[in-house]
Amino acid sequence: MSVETRNFTMHRNLLWDVIQRQRGDIGGAVMECVTNSIEAGATRCSITIASDRITVEDDGRGFATRQEVEDYFEVFGKSDERKAESTRWAQFQMGRAQAWCWGRTTYRTRTHRMAVDLRNSGGDLAYTLEEGLEDVPGCRVDIELYDALDASAIGRLESDVARTVKYVATPVVVNGVTVSEDPSLLKWDYETEDAWVRFGGTNVAVYNLGAFVCNVYDRSVGATVVSKLPLLVNFARTHIGACPVWKRILTELRSRSREAVVTKKRLSMREAAVAVREWEDGELSAMQLLDVQIMRDTNGKHWSFTSLRVAGVKRVGSAARGSIAADVAMQHRRGVVFDDAHFSTVFTRTMRETTQAKFMRLARLLSVDLEWVAVETMTDGLDLSHDLLKTADLTARERRVLAALPHANRELARLARQNVRTLHIGRSATAEAWTDARNLIAFDRDTLRLQLKSKGANDAAFLLLLLAHEYSHIAGDSLTHDGAFHERFHKLCRYLHRYVGGVAARLDGKPGSDSPVDGAPATEAVAAATRTRTRPRPAVEAQLSMMALFELEPVQPKARPRNRSRRA
């Protein structure tokens, strides 16, 4: 019997399979060309993308001799002699083959030309080499695409390459536009020996020496990380492996993220959720969350445990954002009602306890005495109804209000791109006005009685602001006052001064127009009123009030032609 040691060998098809399987996407192939250029000492890399061809040019070292072509182009994998190249991206010495999968690829470098055409090679993994050509600096890679790109594909590839090389220090130009930035010249939240870091986003965007690798989900933080040292990545450069550099970066990132969270007074929903999870995991103490506003009520106000204690809040609960019952409960100081969606995200249910239990446990640790109650309990004994009054039951003043608004109502509906809603007067213990966001708008009787005490501009402005408010509520969003609502409301407010004059006149029982006021300019009208010790007519007064409210320029009157004819 004999025993011997033998070496494994690789079948020629394995290299072919590796090249085919690492192809990724065409953006990755272009990125490999860019990194190879920078590895070769290029100070500039230019990429031209057309429908049938992609060209990458640089001013690097290129392949100066035939021996370099044989050692560094012809041989795949990194030998002991090439370990020094690992200071940048080169880890596997396989990346150049990605381009070969997309088109016939020609390299023109110094006195050499190498061409690879996998699709038409007859199954052989081979290349042609020409020597003795005119010496040209750097390297030019031409990829004659097997499948042409349409206009949209070219646009996507331009964007993909720009995103991938975003923080590469060497200038990279794509179709005439410089798309890379030197990270050392940018502003970052902090910098270490390993990386530059900027907080923000929902994931951690990782750039290996400025070249994009992947987005990493980490529940503790969202950030952009650009490493200063090479990271260990997988074969396709799309995932980070067991890398000591990345481990140090991530540890520091999480630590700094926790510090940033506890020093901010108001947190986003994601940041608040991270803070609570870090407390659960023992990374943050309960006391570190005492003054941090990790809760939000149904009206959008942010709360911390300290602010709940200072406000004397004893009862808390949760409901859908915009809940009328929750709003009434808080108006009557029956307690604070948290936004359901926000609360359930921040205090995530676990196998051990519910969201409420987790919140109450944290409150007890902070010695904040709170009771969790249902919103229905908070509103016990309060009238939440909205009732419409019949026309016969309206007072003369209330009928005049409805008669003053039809034109403004139609115009606001048009400006809001909504159907015209019918106007009503009713009773509500919870709202100055309300709408179903489709067919009707109602004004609360008691609100009108208390607010409509003066004549002219103030009454008209108040009614028009209520009307614009209700038209800013659209179908499916009759309760929420979010950013979209305020944007719609402010757009409508720009036009209110057009109608306030006519509304003011009609409220005074005089015929009037809702169109902008004709007559003397605003300053002259005020001066004239002062000289005669009389108030401006209601339409002028109303317009001046609204212009002051919205800081608008007065509507200049059109000059009226004078009748120059004389009687004989």
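Residues numbered from 1 in each chain as written. Predicted model: local features only at pLDDT ≥ 70, side-chain atom pairs only at ≥ 80, totals over all residues. Heavy atoms only, no water.

## Here's the deal with the packing of aromatic side chains
In total, this model carries 17 aromatic pairs according to the counting rule given. Look at F73 and Y127: their rings are 5.2 Å apart centre to centre, the planes differ by 80°, and that puts the pair in the edge-to-face class. Placement of the pair is F73 in helix α3 (residues 66-74) and Y127 in the loop between β4 (112-116) and β5 (128-130), with a sequence separation of 54 residues. For Y127, a relative accessible area of 24% puts it in the partly exposed group. The ring of W188 has R198 sitting right over it, with the charged end atom 4.2 Å from the ring centre. When the ring centre of W196 is taken as reference, the NZ or CZ atom of K228 above it lies at 4.8 Å. (Phe/Tyr/Trp six-rings, centres within 6.5 Å; stacked < 30°, edge-to-face > 60°. Helix = DSSP H or I, 4+ residues; strand = E, 2+ residues; numbered from the N terminus. Buried < 20%, exposed > 50% of the residue type's maximum accessible area, 1.4 Å probe, protein only. Lys NZ or Arg CZ within 6 Å of the ring centre and 35° of its normal.)

## Remarks on helix α12 (residues 396-404)
Within α12, the full set of buried residues consists of E398, V401 and A404. Around the axis of α12, the buried residues are gathered within 125° of arc, so they sit on the same side. The secondary structure elements touched by the buried residues of α12 are α13 (406-415), β20 (422-428), α14 (445-451), α15 (457-471) and α17 (500-507). (Arc of directions from axis to C-beta. Contact = heavy atoms within 4.5 Å.)

## As for the pattern of salt bridges
Under the definition given, this model contains 24 salt bridges. Ionic pairing is found between D147 and R119, a salt bridge with its closest N-O pair at 3.8 Å. Here R119 lies in the loop between β4 and β5 and D147 lies in the loop between β6 (136-145) and α4 (151-164), a separation of 28 residues in the sequence. When its relative accessible area of 53% is taken as the criterion, D147 is described as exposed. Shared partners join several salt bridges into a network, and the residues in it are R53, E57, R140 and D142. (Salt bridge = Lys/Arg side-chain N within 4 Å of Asp/Glu carboxyl O.)

## Here we look at the sheet that holds strand β21 (residues 433-435)
Sheet architecture is open: four strands sit in the order β19-β20-β22-β21, paired in mixed fashion. The outermost strands of the open sheet, each flanked by one partner alone, are β19 (386-388) and β21. Sheet twist, expressed as the average angle between the axes of neighbouring strands with direction ignored, equals 35°. Across three bridges, β19 lies against β20 in antiparallel orientation. Bridge assignment links L388 to a residue of β20, and that residue is G426. Sheet strands touched by α15: β20, β21 and β22 (440-444). Its angle to β22, the strand with the most contacts, is close to 140°. (Pairing = 2+ DSSP bridges. Axes fitted to C-alpha atoms, helices over the stretch in contact; angles between N-to-C directions.)

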